[in-house]
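Per-entry structural report
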Amino acid sequence: MFSLRWPLWNPDMKRILVLILLAAGLAGRLLAQNIIVNEASQLELNGNFTQARALLQAAIDSGKTPRADLKSLKFELDRLQRIREDYSLTRNDLFDQLNGMIKDLTRDEFNKWVSEGRFDRRTIDGKEFFFNSSPNNLFFRHRELDARRSEPQEPKRLPSERLEVVHAIKKAALAEKTPYVLPMTFQVTMTVTADADAAPAGQTIRAWLPIPRTYPFQYGFKLHSSSPAPKSIDAEDSSIRSIYFEEPAQAGKETEFKIDYEFTTRGVYFDLHPDKIKPYDANDDAVKKFTSEAPHVVFTPEIKALSAKIVGNETNPMLKAKKIYDWLSDNLLYSYATEYSTIRNISDYCRSHGYGDCGQQAL
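Notes on the structure follow. Small disclaimer: the values here were computed from a predicted structure and weren't measured.

Helix and strand counts for the protein stand at 12 helices and 11 strands. Residues classed as buried in the protein amount to 29% of the 363 residues present. For the protein, the accessible area works out to roughly 24100 Å², and carbon and sulfur atoms hold 55% of it. The average position of the 49 basic charges and that of the 49 acidic charges among the side chains of the protein differ by 4 Å.

Counted by the stated rule, this structure contains 1 cavity of 30 Å³ or more. The calculated volume of the largest cavity comes to roughly 50 Å³. If you trace the largest cavity, you find it lined by Asp120, Phe131, Arg141, Ser335, Tyr336, Ala337, Thr338, Tyr349, Tyr355, Gly356, Asp357 and Gln360. In terms of residue class, the lining of the largest cavity is built from 5 nonpolar, 4 polar and 3 charged.

Turning next to the nonpolar core. Within the largest apolar cluster, 17 residues are counted, with the highest numbers of intra-cluster contacts made by Leu56, Leu73 and Tyr87. The set of elements that each furnish at least two residues to this core consists of helix H1 (11-45), helix H2 (49-61), helix H3 (67-86) and strand E3 (127-131). Each residue touching Tyr87, except ones within four places of it in the same chain, is listed here: Asp120, Arg121, Arg122, Ile124, Phe129, Phe130, Phe131, Asn132 and Thr338.

The next point concerns the pattern of salt bridges. Using the criterion set out here, one finds 16 salt bridges in the structure. Arg82 serves as the salt-bridge partner of Glu339, at 3.2 Å between the closest nitrogen and oxygen. Taken together, the positions of Glu339 in the loop between strand E10 (333-334) and helix H11 (346-353) and Arg82 in helix H3 put the pair 257 residues apart, joining distant regions of the chain. The partly exposed category is assigned to Glu339, whose relative accessible area is 33%. Here Lys112 makes a salt bridge to Glu116, at a shortest N to O gap of 2.5 Å. Exposure remark for Lys112: the relative accessible area of 46% places this residue in the partly exposed category.

Hydrogen bonds along the backbone pair up the strands of a sheet, which may run parallel or antiparallel. Here we have 3 strands laid out as an open sheet, ordered E1-E3-E2, and antiparallel in their pairing. Strand pairing shows two members of the sheet lacking a second neighbour, strand E1 (87-89) and strand E2 (121-124), which therefore form its edges. Here the average twist between neighbouring strands, direction ignored, is 55°. Note that E2 and E3 share 4 bridges and pair antiparallel. The partner of Arg121 across the bridge, within E3, is Phe130. Its contacts with the sheet put H3 on E1, E2 and E3, and the angle it makes with E1 is roughly 25°. Across the sheet, helix H4 (residues 91-99) lies against E1, E2 and E3, angled at about 65° from E1, the strand it touches most.

A word on unusual backbone geometry. Cis peptide bonds are those with omega within 30 degrees of zero, and the linkage from Ser227 to Pro228 qualifies with 0°. Even without being glycine, Asp104 reaches a positive phi, approximately 60°. Relative to the helices and strands, Asp104 resides in the loop between H4 and helix H5 (107-115). Of note, Asp125 is a non-glycine position whose phi angle comes to about 50°, a positive value. Looking at the secondary structure, you find Asp125 in the loop between E2 and E3.

Turning our attention to the layout of surface pockets. Its volume calculated, the largest pocket comes out at about 1600 Å³. The wall of the largest pocket is formed by 38 residues, among which Lys320, Ala321, Ile324, Tyr325 and Leu328 lie closest to the centre. Elements supplying a minimum of two residues to the lining of the largest pocket: helix H8 (285-291), helix H9 (301-311), helix H10 (317-331), H11 and helix H12 (358-362). The element contributing the most residues to the lining of the largest pocket is H10, with 10 residues. Residue classes in the lining of the largest pocket are distributed as 26 nonpolar, 6 polar and 6 charged.

So, on to the sheet that holds strand E7 (residues 232-233). Strand order in the open sheet formed by 3 strands is E5-E8-E7, with antiparallel pairing between adjacent strands. At either margin of the open sheet sits one strand with a lone partner, and together these are strand E5 (204-210) and E7. Across 2 bridges, the pairing between E7 and strand E8 (residues 242-248) is antiparallel. Paired with Ser232 across the bridge in E8 is Tyr244.

Parameters at a glance
- Residues numbered from 1 in each chain as written.
- Predicted model: local features only at pLDDT ≥ 70, side-chain atom pairs only at ≥ 80, totals over all residues.
- Heavy atoms only, no water.
- Helix = DSSP H or I, 4+ residues; strand = E, 2+ residues; numbered from the N terminus.
- Buried < 20%, exposed > 50% of the residue type's maximum accessible area, 1.4 Å probe, protein only.
- Areas by Shrake-Rupley, 256 points an atom, 1.4 Å probe, with all protein chains shown as cover.
- Lys, Arg positive; Asp, Glu negative; His and termini not counted.
- Charge placed at Lys NZ, Arg CZ, Asp CG, Glu CD.
- 1 Å grid on protein atoms, 1.4 Å probe; cavity = no way out; pocket = protein on both sides within 12 Å on 5 of 7 lines; lining within 4 Å.
- Points joined across faces, edges and corners; volume = space filled by probe spheres on them.
- Nonpolar A, V, L, I, M, F, W, Y, C, P; charged D, E, K, R; others polar.
- Core = buried A, V, L, I, M, F, W, Y, C linked by side-chain atoms within 4.5 Å.
- Contact = heavy atoms within 4.5 Å.
- Salt bridge = Lys/Arg side-chain N within 4 Å of Asp/Glu carboxyl O.
- Pairing = 2+ DSSP bridges.
- Axes fitted to C-alpha atoms, helices over the stretch in contact; angles between N-to-C directions.

Everything listed is a geometric property; what it means functionally is a separate question.
Below, the structure written as structure tokens:
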């Protein structure tokens, strides 16, 4: 045993010791929290959701977890619930839905599709569950099944209509010598409703409804009406712009949030030429903002290898970007997505599965 006699130490040495002790305490706290989160994550991957939930809840209820660290534990708890809600179909549920959508579907054929991995599925506490959007995703990923739909789809004119718009935007941009053309104003009504008794009577329900932010090609947001009155509206340059509402829940009644607004957006076309692309400084802050890693844009070894394979010997930055964009367009299938918050690394999830929704493919 030993003791420290503060009078023997100068003030700087005292401060250093205090910082060391604080750092050690912080490191120990973070280590304990990470151990719990990692253990719960491994239990979830193994399908042991009840055990993972119990572990997280015990840490939350222990009273030993600092307030600042409770948020991450509660997030993990919420994440487990979101996965459960995303994966709610049993094998029989999925077959019954598909049987009403696909002509001449047999159990043997369906089971073969399951074994081939055509459906997103999870084991949760020893039981097999399938992603709620599995029926729609089957048609997205296997277009040959369209011919067997019980209710044939009407011919889609949308792709040709989009191409007409693209040609019009390009023509206008070249004629007007500006990348932003053909403004259109949209009138929008958005309604978000919480089910009756989704929260106890009197409890505050909070809602964030997304609204357009301002860009060079997008402007003129005007809120015409809202119900209830908004508590706050994000600044026009907010990266996740929304209107925030609060409303107390009423027993037996739905809680509705509604906004009516307008905004104007323009078509965009940049007349780019590879031979006019100039060298850039990779360390420039303006460039790093768009080329750096982020929580869901992680440069894994697999992502790096794929990027190198796609780009090959190309050195022109514009043509590199075009090669990557074309590869994504040609090789990734569209699919409805599970909750983004439940995926640890969205960009690599999309790469490894070979499919994703618009946001996942963009990441």
